[in-house]
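Breakdown of the fold
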Amino acid sequence: KMADRLLVKNEAANLPCPDAAFDIQSLMKLNSKDLRALAATSNVIELFCHPGNAQADLEKPGSCQRFLEQQFLMSPRFRTLLHEANLQLVNYWDL
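Residues numbered from 1 in each chain as written. Predicted model: local features only at pLDDT ≥ 70, side-chain atom pairs only at ≥ 80, totals over all residues. Heavy atoms only, no water.

**Some remarks on the overall build of the protein**
Along the protein, the regular secondary structure elements total six helices and two strands. When the helices and strands of the protein are read in sequence order from the N terminus, they spell out α-β-α-α-β-α-α-α. The buried share among the 95 residues of the protein stands at 24%. A separation of at least 24 residues holds for 56% of the contacts in the protein among residues at least 6 apart in sequence. Surface exposure of the protein reaches about 7200 Å², of which carbon and sulfur atoms provide 55%. In the protein, 10 positive and 11 negative side-chain charges are present, and the distance between their average locations comes to 3 Å. (Helix = DSSP H or I, 4+ residues; strand = E, 2+ residues; numbered from the N terminus. Buried < 20%, exposed > 50% of the residue type's maximum accessible area, 1.4 Å probe, protein only. Contact = heavy atoms within 4.5 Å. Areas by Shrake-Rupley, 256 points an atom, 1.4 Å probe, with all protein chains shown as cover. Lys, Arg positive; Asp, Glu negative; His and termini not counted. Charge placed at Lys NZ, Arg CZ, Asp CG, Glu CD.)

Listed below in structure tokens is the structure:
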């Protein structure tokens, strides 16, 4: 698998990388209990998303809903989910 080869190369080069990756579209469907269970499986989870405005959805239709993702990332519900699941947002510099 390409992902496995990349992981081996990253580890050999001592590059930080997440333990798992998770699509924000899936996260939007979880409650805090389910998110805690997911977080218990990994130390660092990469949350990938493609936020954008409503115009971006019209110009780049596809599998992601950019405006919906943007609204979720800025919502109190997102912050509450993170808080209740005892998760902390970090970036790659923090790793």
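**A closer look at the confidence of the model for the protein**
Looking at the protein as a whole, its pLDDT mean stands at 84, while 98% of the residues score no less than 70. Here helix 1 (residues 2–12) is the element of the protein with the lowest mean pLDDT, 80, and helix 5 (residues 66–73) is the one with the highest, 93. (pLDDT = per-residue confidence, 0-100.)

**Topic: the nonpolar core**
Grouped together as the largest cluster of nonpolar side chains are eleven residues: Phe22, Ile24, Leu27, Met28, Leu30, Leu35, Phe72, Phe78, Leu81, Leu82 and Ala85. Of all the elements in the fold, those that place two or more residues in this core are helix 2 (24–27) and helix 6 (76–84). Per-element tally for this core: the top contributor is helix 6, with three residues. Discounting chain neighbours no more than four positions away, the residues touching Phe72 are Ile24, Leu27, Met28, Arg77, Phe78 and Leu81. (Core = buried A, V, L, I, M, F, W, Y, C linked by side-chain atoms within 4.5 Å.)

**Points about the side chain of Arg66**
Positionally, Arg66 belongs in helix 5. Other than its neighbours up to four places away in sequence, Arg66 contacts His50, Pro51, Gly52, Ala56, Asp57 and Lys60.

**Focus on helix 1**
Given 3.6 residues to a turn, an α-helix orients residues that are three or four positions apart in the same direction. Counted residue by residue, helix 1 has one buried out of eleven residues, so it is predominantly exposed. One or two steps after helix 1, the chain reaches Asn14, where phi turns positive at roughly 60°.

**Some thoughts on the state of the cysteines**
Enumeration over the complete set of coordinates arrives at zero disulfides. In this structure Cys49 is a free cysteine whose sulfur lies 9.5 Å from that of Cys64, the closest cysteine sulfur available. Overall, Cys64 belongs to the buried group, its relative accessible area being 15%. (Disulfide = S-S within 2.5 Å.)

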